[in-house]
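Chain by chain, the residues run as shown.
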Amino acid sequence: MSFWNAGTASKRLGGGIVALAVSTGMIIAAALPASAINSYNATPAPERTEVGALLAQWDDDADPSTPDTVDWVCSGTMVDSDTFVTAGHCTTDWPAGVRFYVSLDQDVQSGLDAAAGAHPGNPSAVAAAVGVEGTAHTDPAYPGPSSDPHDIAVIQLPAEAIAARWAFTPATLPRAGELGALGPQRLNATPFLVAGYGTQEATRGPGGQTHPGGGVRMKAPVTFNALNPSWVRLAMTAPQGNGGACYGDSGGPNFATLDGSSVLVATTITGDSACYATNVAYRLDSPAARTFLAGFVSLP
């Protein structure tokens, strides 16, 4: 399994991405190409205005004389006027001086391409053209054990700057233990939806496995598979009508329809490397997630 973030040359193009094998409790390393919501049974999500892309600006060659790199790296969700929830592994292990931005555009990749053409050699102008800069706060207990890795972070943003560029309705967070209270039968009958900006499922070519696409907000249905105290596992199997998450969808939302309302119950963290089988998502109704989030947002 691989953490589904995308971004730096190493993260997006394949260097040493750490993989979390949740079922065995083992941490393993994998050199995998990093990457949208996978293409089967997936559709664009212009109406999911609360879902955004996390962008980073960083020095990727340790040479201060060359321009920084700017790219989208993960996904996430606005949960109030100034708080963007994402994954902890999306905001850590960066070079010194990294800057984070959030964009709520539907097509972030096209925006980056246009901005790069308009501001050649000026990464700060490129990033500001596409996103709003914010401050990252990662759960200080990250990385924890596989049973609860505390893999959660927020980007605190200037609310006025976000509101000036995008209209959105913040996502609804779950009540404490809300998923567990449903029980297996109700969970099996609950509609789930995953959203994000990541790449498509694996395709095979002469050079091996690649993950095309990414940078556009997409959504796909998923179905319940399993629940434990920190994780909800969601099936991405195409024959059942499901889609799913892939590289670049890390930190992105997993919504459940509860009592007729869409609730942000978990964030995408990991899954199988080909992006065909299972989305493993960190529960936001867990004690650890709620303890962290309480410092930034009002909880139900």
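Look up a bit, the structure's there.
In this report, we go over the structure that sits alongside the text. Everything numeric in this text was worked out from a predicted model, so none of it was measured. (Residues numbered from 1 in each chain as written. Predicted model: local features only at pLDDT ≥ 70, side-chain atom pairs only at ≥ 80, totals over all residues. Heavy atoms only, no water.)

1. Thoughts on the overall build of the protein chain
So the rule is basically this: Helix numbers and strand numbers start at the N terminus; a helix is a DSSP run of H or I with at least 4 residues, a strand a run of E with at least 2. Think of it in three bands: residues with accessible area under 20% of the maximum for their type are buried, residues over 50% are exposed, and the middle band is partly exposed, with areas taken using a 1.4 Å probe on protein chains only. Calculation of accessible area relied on Shrake-Rupley with a 1.4 Å probe; when residues are assessed, cover is drawn exclusively from the protein chains displayed.
The helix and strand inventory of the protein chain stands at six helices and 18 strands. A burial count over the protein chain gives 54% of its 300 residues as buried. Summed over all atoms, the accessible surface of the protein chain reaches about 11400 Å², with 56% contributed by carbon and sulfur.

2. Some words on the side chain of Ser-75
Defined as follows: N or O atoms closer than or at 3.5 Å make up a polar contact, with two conditions inside protein: a donor-capable atom paired with an acceptor-capable one, and, for residues adjacent in sequence, both atoms drawn from side chains.
Mapping Ser-75 onto the fold places it in strand S6 (residues 69-78). Owing to a relative accessible area of 0%, Ser-75 belongs among the buried residues under this scheme. Among the polar contacts made by the side chain of Ser-75, one reaches the main-chain carbonyl oxygen of Gly-248 at a distance of 2.9 Å.

3. Digging into the nonpolar core
This is how the line gets drawn: We define the nonpolar core as a collection of buried residues of types Ala, Val, Leu, Ile, Met, Phe, Trp, Tyr and Cys that are connected through side-chain atoms lying within 4.5 Å of one another. Contacts are assigned to residue pairs that have any heavy atoms within 4.5 Å of one another.
Leu-54, Leu-55, Val-108, Leu-112, Ile-152, Leu-157 and Leu-293 are the most contacted members of the largest nonpolar core, which has 51 residues in total. The leading source of residues in this core is strand S5 (residues 51-58), at six residues. Leu-157 has contacts with Met-78, Asp-82, Phe-84, Val-102, Val-132, Glu-133, Gly-134 and Ile-162, leaving out every residue within four places of it along the chain. Among the nonpolar cores identified, the runner-up in size contains 25 residues, and Met-218, Val-232, Leu-234 and Leu-258 belong to it.

4. What about the sheet that holds S6?
Applied cut-off: If DSSP finds at least two bridges between two strands, the strands pair. Interaxial angles span 0 to 180 degrees and are taken between N-to-C directions of axes, which are lines fitted to C-alpha atoms, for helices over the stretch in contact.
Here six strands make up a closed barrel; going around it, the order is S5-S6-S7-S10-S9-S8 and the pairing antiparallel. For this sheet, the mean angle separating the axes of adjacent strands, direction not counted, is 45°. Note that strand S9 (residues 132-138) and strand S10 (residues 153-156) share four bridges and pair antiparallel. Note that in S10 the partner of His-137 across the bridge is Val-154. Its contacts with the sheet put helix H2 (residues 108-118) on S5, S6 and strand S8 (99-103), and the angle it makes with S6 is roughly 150°. Along the sheet face, helix H3 (residues 123-130) touches S5, S6 and S8 and points at about 30° away from the line of S8.

5. Topic: the state of the cysteines
Put simply, the rule reads: The definition used for a disulfide is geometric: two cysteine sulfur atoms within 2.5 Å.
All chains considered together, the criterion is met by one disulfide. Across the disulfide from Cys-74 sits Cys-90; the S-S distance is 2.1 Å. On the sign convention where negative is left-handed, the bridge of Cys-74 and Cys-90, at about -85° about the S-S bond, is left-handed. Of the two residues, Cys-74 sits in strand S6 while Cys-90 sits in the loop between strand S7 (83-86) and S8, which places them 16 residues apart along the sequence.

6. Considering the pairing of S5
Counted residue by residue, S5 has eight buried out of eight residues, so it is predominantly covered. As judged from the five bridges shared by S5 and S8, these two strands associate in the antiparallel manner. Within the sheet, the bridge partner assigned to Ala-56 lies in S8 and is Phe-100.

7. Describing the layout of surface pockets
Where we set the bar: Using protein atoms alone on a 1 Å grid, points that fit a 1.4 Å probe yet trap it form a cavity, whereas open point sets bounded by protein on both sides within 12 Å along at least five of seven lines form a pocket; residues with an atom within 4 Å of a point count as lining. Grid points are joined across faces, edges and corners, and a volume is the space filled by probe spheres set on the points. Any residue that is not Ala, Val, Leu, Ile, Met, Phe, Trp, Tyr, Cys, Pro, Asp, Glu, Lys or Arg is counted as polar, Gly included; the first ten are nonpolar and the last four charged.
One number sums up the size of the second largest pocket: a volume of about 190 Å³. Looking at the second largest pocket, it is lined by 15 residues, and the ones nearest its centre are Val-70, Leu-112, Ala-116, Pro-123 and Val-126. For the lining of the second largest pocket, the class distribution of residues is seven nonpolar, five polar and three charged.

8. Some points on helix H5 (residues 178-188)
Along an α-helix, residues three or four positions apart point the same way, because every turn accommodates 3.6 residues. Inclusion rule: Each C-beta atom gives one direction from the helix axis, and the arc is the one those directions make.
Those residues of H5 not exposed but buried are Glu-178, Leu-179, Leu-182 and Leu-187. Across the axial projection of H5, the buried residues extend over an arc of 80°, all falling on one side. Along H5, the residues that are exposed and aim more than 90 degrees away from the buried face are Ala-181, Pro-184 and Gln-185. Contact partners of the buried residues in H5: strand S11 (192-196), strand S14 (218-227), strand S15 (231-235), strand S16 (253-258), strand S17 (261-271) and strand S18 (278-283).

9. What about the pairing of S16?
The element S16 is extensively covered by neighbouring structure, given that five of its six residues are classed as buried. Across three bridges, S11 lies against S16 in antiparallel orientation. Considered in S16, the bridge of Phe-192 is made with Ala-256. Bridge count between S16 and S17: six bridges; the pairing is antiparallel. The residue bridging Ala-256 from the neighbouring strand is Val-263, located in S17. Here S16 folds back onto S17, and the loop between the two strands holds two residues, one of which, Asp-259, carries a positive phi near 50°.

10. Section: the packing of H2 against H3
For any two helices packed against each other, one specifies the crossing angle of their axes together with the interaxial distance. Inclusion rule: Geometric relationships in this document are graded by angle, where less than 35 degrees denotes roughly parallel, more than 145 denotes roughly antiparallel, 65 to 115 denotes roughly perpendicular, and other angles denote oblique. Take the far helix as your reference; a near helix turned counterclockwise from it by less than a right angle gives a left-handed crossing, and one turned clockwise gives a right-handed crossing.
For the pair H2 and H3, the least separation of the axes is 9 Å and the interaxial angle reads 140°. Between H2 and H3, the angle falls in the class oblique. The two elements H2 and H3 meet at a crossing, and its hand is right-handed. Where H2 abuts H3, its residues Val-108, Gly-111, Leu-112, Ala-115 and Ala-116 lie against Val-126, Ala-129 and Val-130. Among the residues forming the contact of H2 with H3, the class breakdown is seven nonpolar, one polar and no charged.

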